[in-house]
Every structure is written in C-alpha cells, then in structure tokens.
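An overview of the molecular structure
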Amino acid sequence: MSKLGLRGRLFLSHTIVMLVGLSTLLTVGKLYSPQLFITHIEKIQIGGVNVRYFRRQLLEGFESAWSRGAFWSVIVGGSTAGALSYLVSQRIVQPLIQLERITRKFASGHLEERVPPNEIPELNRLAESFNHMAKELEGVEQRRRDLVSDLSHELRTPLTVVEGYLEGLADGTIEASSDIYQRLAKETTRLRRLVNDLQELSQAEAGYLPINAKPLNIRPLLASLVQRFSDQLLESATTLSLDCSVDLSPAIADPERVEQILVNLIGNALQYTPQGTVTLQAWQESDKLWIAVKDTGQGISADDLPHVFERFWRSDRSRDRHSGGTGIGLAISRRLVELQKGVILAESELGEGSLFRFSLPIAPRFTAS
C-alpha cells in the first residue's frame, strides 16, 4: 500500500467505498426485506383467501427473485462503478503526470515550459502557481545571464587597458613613468569600485543590507551635501542649490543609506550638467516625504528613460566609462529606497534636464490625519 501510486490509491478508495455500499445494501436487504415482505402479504386477501397461508411459498419465491436481482445488480453496478472509478482516477491523475513531465523538462533547463489550464479548480490553481513560479524563475535566469554578460563586458575594458600597459612595460615599448602608473592605478580603482558595487547590489537585492531606520530630520543632511559638493564646484559653470522648507516632518529612514542615494543622484546630475543648475529639493505629501534632485543638463530620451534603473545601463556608454562610472549606482539606489519602504521615480526630457525623486515614510506621530 505504501508504494501504491495516486491512481491506484484513488481507484482503491473508490472500490472500497463501492464495496462498503454494496455490502450495506445486501446486508440490509437480506435481513429486512423478507420480514417486510411477510408483514405486507399478511394483510392481503385474494377472493376471501388470506395470502398468509401461502407465506412460505411466497417467501421462497421472493428470496429467490431478490437473490437473482441482487446478484445481477452487484455484477452490473460493481462493473459500472469500477469502470467509472478508473476513468475518474485516470482523469485526476493525468494532469499530475503532465505536471511531473513538465517539471522534469523545466529542471533540465527548458524554462519556457508551462502547464496548460485544467477544468478541475484545485489542479488549475496548482497549474497557475507553477506557471507563475516558472515565469519568475525564467526572469531570474534571464537577469543572471544579462548580469554575467554585462559584467564580462564591464571587466573586459579595464583589464584590457591594464594588460596592454603591463605588456608594454614588460617588452619596453612603453616607458615607465608616473603618468603610466597613475593610469594603472585608475583602472585598478575602477575594478575595485565595480566589484564593491556589485557586492552591494547583490546584498541589496537579496535584502541582506542592514537598514537602520529611525526618525531623520532631512534638511541638515541636505544642507551638508550641498555644502560638500559646492566646495568642488568653485571653478565650475554649474551651481548647486537647496530648496527645502525648514519645518519638514522627520522621516523614518537610515541616514547613511539616504546619503548614499543622494550622493549618487547628485553626482550623476553634476556629471551630466556641465553648465547650468542642480537643485536639491524636499517637500511633504500626506504620509510621505519626497526628496528630489533636479538639473538642467543633457536629459534622457524617452526611449532610454525606462531603463535608467537597470544594471549597467548607460545613455552614453563611452562617456560614463571614461568618467569611471560603473553603471550600477542607480540600481543600488532604487533597491535602497525600496528597502526603506519608498519609491524612486525619474522624469526627463532630452536637452531640458532631469528630475530624480524618491519618497520616504514620515514618522507616524508626524503623519497628517
């Protein structure tokens, strides 16, 4: 019994129910039908003759007829019920066999396999759950392949540069100088930054990055960032300013993670705004605190805008690589915002500038009712 399959178990259970039903019918019929028959015929009179005087003959005839009828009823009913039980068991088990076959294909790498709908509600829900899981896993596998491909592409450039300089230094075609060593140091720094960003992104997407959320007054943080970046813009044609009310409610957030997000957004805005203004804004809406970085720089095209938070995406790959960007900063920022129960959005128009804004939840006792 322990090794019996589901089809056999279903058929056996139907057979047991059928046998119990037939046994009950035969037992009750055998015990009570003759008594009821005798009670009934004792009340019948035909032509003034009481039928009860022929009780024995009638009872024997009744029992004989009942036995033959019960025998054929058992044969016909049992055969019909057995056949129906087998068909029902087969109909229930067949989708499960199909699911097993598809699961095996899925496990062997055929991630496009899906389970067709089924008229049995429970099995149909199982099929829908499997298909949802399959779709998610297919997306994860596609993202993994994209990550490996993008990572290989990103690592190839600095490694090729380093390899070229080292080979030139080794065979004497390149003369050793402080400039060469500075270039090598710059490429190794870029490699280290790429590895660190990848590790942080992996931890963020897996939810392993610690978030120390607590009430945070956002204005002092914004003011310090504006001061820090402004010191680097003394000889630049770009200006950085702060537009923030002094009476904003505290947000529930991790100060270090918020600073990390803003440093990335402000750095990107300054990079793509060689001449113009970058404004750091903050305002309150209901139970959310919004923080935005607005610039008057190059902007992003409508086709590129949906991809800005993807890993390794660049609107200008050659420019970003030359400047040392890894193409992961916005992906990390999005995940950090999500881990703090917020959302991040991007608005831009090519040639007009960009606006990146994200929300943070306001501390409960400061939430507007």
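All figures in this text were calculated on a predicted structure; none of them were measured in a lab.

Mean pLDDT for the chain: 79, with 78% of residues reaching 70 or above. Counted against residues more than four places away or in other chains, residues 317–324, with its pLDDT under 50, gives 19 contacts.

Attention shifts here to the sheet that holds strand E9 (residues 353–361). In sheet architecture, strand pairing relies on hydrogen bonds along the backbone and comes in two forms, parallel and antiparallel. The strand order across the open sheet built from 5 strands is E4-E6-E7-E9-E8, with neighbouring strands paired in mixed fashion. With one partner strand each, in any of the chains shown, strand E4 (237–244) and strand E8 (344–349) form the two edges of the open sheet. Adjacent strand axes in the sheet meet at a mean angle of 15° when their direction is disregarded. Where E8 lies against E9, 6 bridges are found, and the strand directions are antiparallel. Pairing of Leu345 across the sheet is with Arg357, part of E9. Relative to the sheet, helix H6 (residues 255–271) contacts E4, strand E6 (275–285), strand E7 (288–295) and E9, its axis offset from that of E7 by approximately 25°.

Glancing now at the packing of H6 against helix H8 (residues 329–339). As a packed pair, H6 and H8 sit with axes 10 Å apart at the nearest point and diverge in direction by 145°. Two packed elements cross with a definite hand, and for H6 against H8 that hand is left-handed. Across from Arg257, Gln260, Ile261, Asn264, Leu265 and Asn268 in H6, the residues of H8 making contact are Gly329, Leu330, Ile332, Ser333, Leu336 and Val337. Across the contact of H6 with H8, the residue classes tally to 6 nonpolar, 5 polar and 1 charged.

The next subject is the nonpolar core. Ile218, Val258, Leu262, Ile266 and Phe358 are the most contacted members of the largest nonpolar core, which has 47 residues in total. Considering each element in turn, this core owes the most residues, 7 residues, to H6. With 8 residues, the next largest nonpolar core counts Ile102, Ala127, Phe130 and Ala134 among its residues.

Counted by the stated rule, this structure contains 2 aromatic pairs. Between Phe309 and Phe356, the ring centres sit 6.1 Å apart and the planes meet at 85°, which makes this aromatic pair edge-to-face. With Phe309 in the loop between E7 and helix H7 (317–323) and Phe356 in strand E9, the pair connects residues that are 47 residues apart, well separated along the chain. Across the pair, Phe356 and Phe309 agree in class, each one buried. Here Arg357 stacks its cationic end above the ring of Trp290, 4.6 Å away from the centre of that ring.

In terms of burial, E7 is largely enclosed, as 6 of its 8 residues are buried. With 8 bridges connecting them, E6 and E7 associate as antiparallel partners. When the bridges of E7 are listed, Trp283 appears paired with Trp290. The antiparallel hairpin formed by E6 and E7 contains 2 residues in its connecting segment, where Ser286 sits at a positive phi of about 55°.

With that out of the way, let us pick up empty space enclosed by the protein. Applying the stated rule across the entire model yields 2 cavities of 30 Å³ or more. When its volume is computed, the largest cavity comes out at roughly 70 Å³. Around the largest cavity, the lining residues are Pro95, Leu96, Gln98, Leu99, Val115, Pro116, Asn118, Leu123, Leu126 and Ala127. It is helix H2 (residues 55–107) that contributes the most residues to the lining of the largest cavity, 4 residues altogether. Within the lining of the largest cavity, the residues separate by chemical class into 8 nonpolar, 2 polar and no charged.

Closest axis-to-axis distance for the helix H5 (residues 218–230)/H6 pair is 11 Å, and the angle between their directions is 40°. It follows from the interaxial angle that H5 and H6 lie oblique. For the element pair H5 and H6, the recorded crossing hand is right-handed. Across the interface between the two elements, Ile218, Leu221, Leu222, Leu225, Arg228 and Phe229 from H5 touch Pro255, Val258, Glu259, Leu262, Val263, Ile266, Gly267 and Leu270 from H6. Classifying every residue of the contact of H5 with H6 by side-chain character gives 11 nonpolar, 1 polar and 2 charged.

Cut-offs used in this document
- Residues numbered from 1 in each chain as written.
- Predicted model: local features only at pLDDT ≥ 70, side-chain atom pairs only at ≥ 80, totals over all residues.
- Heavy atoms only, no water.
- pLDDT = per-residue confidence, 0-100.
- Contact = heavy atoms within 4.5 Å.
- Pairing = 2+ DSSP bridges.
- Helix = DSSP H or I, 4+ residues; strand = E, 2+ residues; numbered from the N terminus.
- Axes fitted to C-alpha atoms, helices over the stretch in contact; angles between N-to-C directions.
- Left-handed = near helix turned anticlockwise from the far one by under 90°.
- Nonpolar A, V, L, I, M, F, W, Y, C, P; charged D, E, K, R; others polar.
- Core = buried A, V, L, I, M, F, W, Y, C linked by side-chain atoms within 4.5 Å.
- Buried < 20%, exposed > 50% of the residue type's maximum accessible area, 1.4 Å probe, protein only.
- Phe/Tyr/Trp six-rings, centres within 6.5 Å; stacked < 30°, edge-to-face > 60°.
- Lys NZ or Arg CZ within 6 Å of the ring centre and 35° of its normal.
- 1 Å grid on protein atoms, 1.4 Å probe; cavity = no way out; pocket = protein on both sides within 12 Å on 5 of 7 lines; lining within 4 Å.
- Points joined across faces, edges and corners; volume = space filled by probe spheres on them.
- Parallel < 35°, antiparallel > 145°, perpendicular 65-115°, else oblique.

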